[in-house]
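Observations on the three-dimensional arrangement
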Amino acid sequence: MTATEHAKAAAEAIRQLNHATIADNLTISEVYDTLAHLRDLCSRLPQAFDQTARAVRHRHDAGHLTLDVEGPVIAEVRGALGDLALAAVRCSNVAKSIDRALEVVSHMIDEGP
């Protein structure tokens, strides 16, 4: 599979996860496991953003990029690279937040049916 195909499959998997979590019937164990996998996903996204940014930088440095709108290419490329770096940091922060939530969920006891 290509990078694009993997990204598309991941987006579809998240869409399906969103449908699977609509109902309030997840056990605490399922909540914990789901959050743990989402934390793993978020902690892996920064690498994908960094590597994608590297591809943009490489294409730009090789002189292969132009714009179909008016504006300096270098400024737009720098802006896009900055946004990708910010997305990587934010995903890392989301993973840390999920990790803190997991700490609490791990101590929960589900006494329901």
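Up top you'll find the structure we're talking about.
Residues numbered from 1 in each chain as written. Predicted model: local features only at pLDDT ≥ 70, side-chain atom pairs only at ≥ 80, totals over all residues. Heavy atoms only, no water.

**Here we look at the environment of T27**
One can find T27 in the loop between α1 (3-20) and α2 (28-61). Given the relative accessible area of 34%, T27 is considered partly exposed. Placed 83 residues apart in sequence, T27 and D110 show a C-alpha to C-alpha distance of 7.1 Å. (Helix = DSSP H or I, 4+ residues; strand = E, 2+ residues; numbered from the N terminus. Buried < 20%, exposed > 50% of the residue type's maximum accessible area, 1.4 Å probe, protein only.)

**Section: the packing of α2 against helix α3 (residues 73-105)**
Look at α2 against α3: their axes get within 9 Å of each other, and the N-to-C directions meet at 165°. Viewed along their axes, α2 and α3 adopt a mutual orientation that is roughly antiparallel. For α2 against α3, the interelement crossing comes out left-handed. Of the residues belonging to the contact of α2 with α3, the class tally is 25 nonpolar, three polar and four charged. (Axes fitted to C-alpha atoms, helices over the stretch in contact; angles between N-to-C directions. Parallel < 35°, antiparallel > 145°, perpendicular 65-115°, else oblique. Left-handed = near helix turned anticlockwise from the far one by under 90°. Nonpolar A, V, L, I, M, F, W, Y, C, P; charged D, E, K, R; others polar.)

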